[in-house]
Amino acid sequence: MKKGVLFIILISLILSCKEEVIKKPENLIEKEVMVDVMYDLALLEAIKYQSTNALETHKINPDEYIYKKYKIDSAQFVQSNMYYASDYKEYKNMYDQINSRLAKNKSLLEEAIKNEKDKALLLKKESKK
């Protein structure tokens, strides 16, 4: 019985303490910018996966590209990422935003590809006449 009460008290203390797990870094990347950084990283990973030589051909180092584009450094990115990841719900919200943008852009791209194919078919039919 004493162990049960002690366990409940310990859990209550842990849950009631809303102390930050990771302290906010001085040079924290703003949340909106961090979402943009993570979105660009997702795109670069997709490019690397789909066309392994594409980045090498254009001499693009994904990390360096991101750091230059957003004027950040690797330590700032890692510290900011750890800070945001320490709040699971908010980090999930950030990833949901990224997934939403990826899905939206995927549909736009698929629509553009379909339109181009339709135009090519139309031109092909007209050239046969």
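Preceding block: the structure.
Residues numbered from 1 in each chain as written. Predicted model: local features only at pLDDT ≥ 70, side-chain atom pairs only at ≥ 80, totals over all residues. Heavy atoms only, no water.

## Some details on the packing of helix 5 (residues 74–85) against helix 6 (residues 88–128)
Convention followed: Between the N-to-C directions of two axes lies an angle of 0 to 180 degrees, each axis being a line fitted to C-alpha atoms and, for a helix, fitted only over the stretch in contact. The numbering of helices and of strands both runs from the N terminus, where a helix is a DSSP run of H or I of at least 4 residues and a strand a run of E of at least 2. Roughly parallel refers to an angle under 35 degrees, roughly antiparallel to one over 145, roughly perpendicular to one between 65 and 115, and oblique to any angle outside these ranges. Should any heavy atoms of two residues lie within 4.5 Å, those residues are considered in contact. When residues are sorted by character, Ala, Val, Leu, Ile, Met, Phe, Trp, Tyr, Cys and Pro go into the nonpolar class, Asp, Glu, Lys and Arg into the charged class, and all the rest, Gly among them, into the polar class.
Closest axis-to-axis distance for the helix 5/helix 6 pair is 7 Å, and the angle between their directions is 115 degrees. One element, helix 5, and the other, helix 6, form an angle in the roughly perpendicular class. The residues of helix 6 that touch helix 5, namely those facing N81, Y84 and A85, are Y88, Y91 and M94. Its residues placed into classes, the contact of helix 5 with helix 6 shows five nonpolar, one polar and no charged.

## Points about the environment of E30
Along the chain, E30 falls in the loop between helix 1 (2–16) and helix 2 (31–50). Through-space distance from the C-alpha of E30 to that of S80 is 8.5 Å; in sequence the pair is 50 residues apart.

## Observations regarding the side chain of Q76
Note the threshold: Classification of residues uses two cut-offs on accessible area relative to the type maximum, computed with a 1.4 Å probe and protein chains only: under 20% is buried, over 50% is exposed, and between them is partly exposed. For this analysis, a polar contact is any N or O atom pair within 3.5 Å, provided that within protein one partner can donate a hydrogen and the other can accept it, and provided that sequence-adjacent residues contribute only side-chain to side-chain pairs.
Mapped onto the elements of the fold, Q76 is located in helix 5. The exposure class of Q76 is buried, given its relative accessible area of 14%. Polar side-chain contacts of Q76 include one of 2.8 Å to the backbone oxygen of N27. Residue contacts for Q76: discarding those within four places in its chain leaves N27, I29 and K71.

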